[in-house]
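Listed here are the chains, written in short residue letters.
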Amino acid sequence: MSTNTMKGVGVVPEKKELRLVAHPEPSITAPNELKIRTLEVGICGTDREICTFAYGHGPKGCEYLVLGHECLGEVTEVGPGVKNFKPGDLVVPSVRRPCPDPNCTPCREGRQDFCFTWTFKERGINQLHGFMTEQFVEEETFLTAVPKELRDVAVMAEPLTIAEKGLAQAWQVQKRVPGWEHDNRDGKGRGFGRTAVVLGAGPIGLLGAMKLLIEGFRVFIYSRSPKPNFKADIAAQIGVEYISSVKMHTDDLAQQIGNIDLVYEAVGEGDVSFELARVLGINGVYIFTGIPALKSAIPVYADNIMRNITLKNQALVGTVNASPQAFVDAIHDLGEFKKRWPKALAALITGRHTIDAHRELLIGRAQGIKNVIQF
Ligand SMILES: NC(=O)c1ccc[n+]([C@@H]2O[C@H](COP(=O)([O-])OP(=O)(O)OC[C@H]3O[C@@H](n4cnc5c(N)ncnc54)[C@H](OP(=O)(O)O)[C@@H]3O)[C@@H](O)[C@H]2O)c1
Ligand SMILES: [Zn+2]
Ligand SMILES: [Zn+2]
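Residues numbered from 1 in each chain as written. Chains lettered and ligands numbered in written order. Predicted model: local features only at pLDDT ≥ 70, side-chain atom pairs only at ≥ 80, totals over all residues. Heavy atoms only, no water.

Side note on the sheet that holds strand S4 (residues 65-66)
Using the following cut-off: For two strands to count as paired, DSSP must find a minimum of two bridges between them. Note on conventions: DSSP H or I runs of at least 4 residues are helices, E runs of at least 2 residues are strands, and numbering of each starts at the N terminus.
Read from one edge of the open sheet, three strands run S2-S1-S4, paired in antiparallel fashion. Of all strands in the sheet, those with a lone pairing partner are strand S2 (17-24) and S4, marking the two edges. Where strand S1 (residues 5-12) lies against S4, two bridges are found, and the strand directions are antiparallel. Across the sheet, the residue bridging to Gly10 is Val66, located in S4.

In structure tokens, the structure reads:
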């Protein structure tokens, strides 16, 4: 480890502090490692939650945790065992690292997103420093290559992996229903003929809507703020109808759009999420992405929802973290989004800031869609 230090954004949970830290410059210590210069780091609700000190702590023996898990970087140095990268390549790192349990099959097979033991570590979240600093070192296996033409949008790969994993699971689950998946010999997409509702129009919802569109679904966004607003404008740019939950009840939504085949929940609020679950259609699948803050119990139409789950053959599935394949798919799909909707995709990044704006971005009022710190 060199004695040079770099600027990083850190939380000190013991002191409930958010501050710039002087973080030691890392060096390669194993043949399969690479040194990477950080280019951009996205900020999301998870980072903001860590800054409320609800969870998140640094590696053993370090009082701070460097934040940041949505990252785009450029390789500057490669260890002798690195096979697929060279200096100058762009990369996106994944977040979760496998647990040590030899019997945890998902972790042993590179699928720590399904870790059984919950003793995994996560960069920028749990026991491993994140990427909100000038450089970092990472193993080759946790990196995905990014083509140069996606440099301006690839920082959104990590949040898009949530949709990639969610949809991959939905396709697996829906194999149970004959004919649910369009055979796609006409190239209209596997979701052609199916109706999807995205709940919420933040970065997770809007990226999810784009993913559902390229899969051929008829997509609606159901979210809080009435039109006009800038999130509804992006929905319009990608050809999706935006419906405000303030203006239309879920019963009317279901009446108007017909059988809801898929819901992609991206609000993280239990009340509206289960209210929408109540109108999920026959043979429908509901994908939860939201991570609500824990509050007191709320009334939901539990009997109604339960009857439907049984009688309408519904499936509920959660999505968190993602597989290496989901990262590859996310990079591929960002390329597709950029071809189809270059302006709308670029508009998801509503602010690019210097590290000095970290306090405002992390503990100030949430603004825009995706805010990014540039290094
Ligand atoms: N599963 C994972 O691995 C993972 C990863 C990242 C994030 N998440 C979670 O995913 C969720 C969405 O993230 P995000 O960053 O996109 O969130 P966000 O930026 O806060 O956006 C939430 C969206 O939901 C809408 N909304 C909020 N409450 C609503 C309500 N009661 N009724 C209707 N719409 C409502 C908001 O409407 P307005 O536009 O009116 O504000 C906004 O458009 C969060 O719960 C987050 O914690 C999960
Ligand atoms: Zn995130
Ligand atoms: Zn595990």
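Next comes the rest of the account.
Things to note about unusual backbone geometry
The omega angle of the peptide bond from Lys227 to Pro228 is -5°, so this bond is cis rather than trans. Inspection of the secondary structure puts Pro228 in the loop between strand S13 (218-223) and helix H5 (230-237). Unlike most non-glycine residues, Asn283 shows phi in positive territory, near 60°. Checked against the element boundaries, Asn283 lands in the loop between helix H7 (270-277) and strand S16 (285-288).

Looking at the coordination of the zinc ion (ligand 3)
As a benchmark, a tetrahedral metal site with four donors has ideal angles of 109.5 degrees, while an octahedral site with six donors has ideal angles of 90 or 180 degrees. For clarity, the threshold we go by: Ligating atoms shown are N, O and S within 2.8 Å of the metal, or 3.2 Å for Na, K and Ca, and water is not included, meaning a site may look less than complete. In this scheme the shape depends on donor count and angles: four donors with every angle between 85 and 135 degrees give tetrahedral, four or six donors with opposite pairs above 155 degrees and others between 65 and 115 give square planar or octahedral in turn, and any other case is irregular.
Each protein donor to the zinc ion (ligand 3) is listed here as Cys99 (SG), Cys104 (SG), Cys107 (SG) and Cys115 (SG); together their distances run 2.3 to 2.4 Å. Around the zinc ion (ligand 3), the four donor atoms sit at angles spanning 105 to 116°, and that spread fits a shape best called tetrahedral. The sequence pattern describing where the donors of the zinc ion (ligand 3) fall on their chain is C-x4-C-x2-C-x7-C. Here Cys104 is found in the loop between strand S7 (96-97) and helix H2 (105-108), whereas its partner Cys115 is found in the loop between H2 and strand S8 (121-123), with eleven residues between them in sequence.

A look at the site of ligand 1
Let me state the cut-off plainly: Whether a residue is near a molecule or strand depends on its heavy atoms: if one lies within 4 Å, it is near. Here a polar contact is taken to be a pair of N or O atoms separated by no more than 3.5 Å, where protein atoms must pair a possible hydrogen donor with a possible acceptor and residues adjacent in sequence count only if both atoms sit in side chains. Here the accessible surface of atoms and residues is derived via Shrake-Rupley with a 1.4 Å probe, and residues count as covered only by protein chains that are part of the display. Under the scheme applied here, ten amino acids are nonpolar (Ala, Val, Leu, Ile, Met, Phe, Trp, Tyr, Cys and Pro), four are charged (Asp, Glu, Lys and Arg), and all others, including Gly, are polar.
Near ligand 1 you find 22 residues, and of these Ala201, Arg224, Ser225, Lys231 and Thr319 are the closest. One nitrogen or oxygen atom from the main chain of Ala201 is found 2.9 Å from an oxygen atom belonging to ligand 1. Coverage of ligand 1 by the protein amounts to 80% of the 930 Å² it exposes when considered alone. In terms of residue class, the shell around ligand 1 is built from nine nonpolar, ten polar and three charged.

Focus: the environment of Ala201
Threshold: Type-normalised accessible area, obtained with a 1.4 Å probe on protein chains alone, sets the label of each residue: buried when under 20%, exposed when over 50%, and partly exposed for intermediate values. In this description, contact between two residues means that some pair of their heavy atoms is separated by no more than 4.5 Å.
Among the structural elements, Ala201 can be located in the loop between strand S12 (195-199) and helix H4 (203-214). On the basis of relative accessibility, which here comes to 3%, the residue Ala201 falls in the buried class. Taking the C-alpha atoms as reference, Ala201 lies 18 Å from Ala293; in sequence the two are 92 residues apart. Ala201 has contacts with Leu206, Ile221, Ser223, Lys231 and Tyr242, leaving out every residue within four places of it along the chain.

Digging into the packing of aromatic side chains
Note the cut-off: Here the aromatic set is Phe, Tyr and Trp, taking the six-membered ring for Trp, and pairing holds for ring centres within 6.5 Å; pairs whose planes are under 30 degrees apart are stacked, those over 60 apart are edge-to-face, and all others are tilted. Note on geometry: a ring has a charge over it if NZ (lysine) or CZ (arginine) is within 6 Å of the ring centre and within 35 degrees of the ring normal.
Using the criterion set out here, one finds eight aromatic pairs in the structure. Centre to centre, the rings of Tyr286 and Phe288 are 4.4 Å apart; their planes meet at 35°, and the pair counts as tilted. One exposure class covers both Tyr286 and Phe288, and it is buried. Relative to Trp341, the ring of Phe337 has its centre 5.8 Å away and its plane inclined at 45°; by these criteria the two rings are tilted. Owing to a relative accessible area of 0%, Phe337 belongs among the buried residues under this scheme. Taken together, Trp171, Trp180 and Phe217 form an aromatic cluster joined through their ring pairs. One cation-aromatic arrangement involves Arg278 over Tyr301; the distance from NZ or CZ to the ring centre is 5.5 Å.

Focus: the sheet that holds S8
As a general point, the strands of a sheet are linked pairwise by backbone hydrogen bonds and lie either parallel or antiparallel. Strand order in this open sheet of three strands is S7-S8-S9, and the pairing throughout is mixed. Each end of this open sheet is capped by a strand with a single partner; those strands are S7 and strand S9 (127-128). Sheet topology places S8 next to S9; two bridges connect them, and they run parallel. Bridge assignment links Arg123 to a residue of S9, and that residue is Leu128.

Any link to function would need more than the numbers given here.
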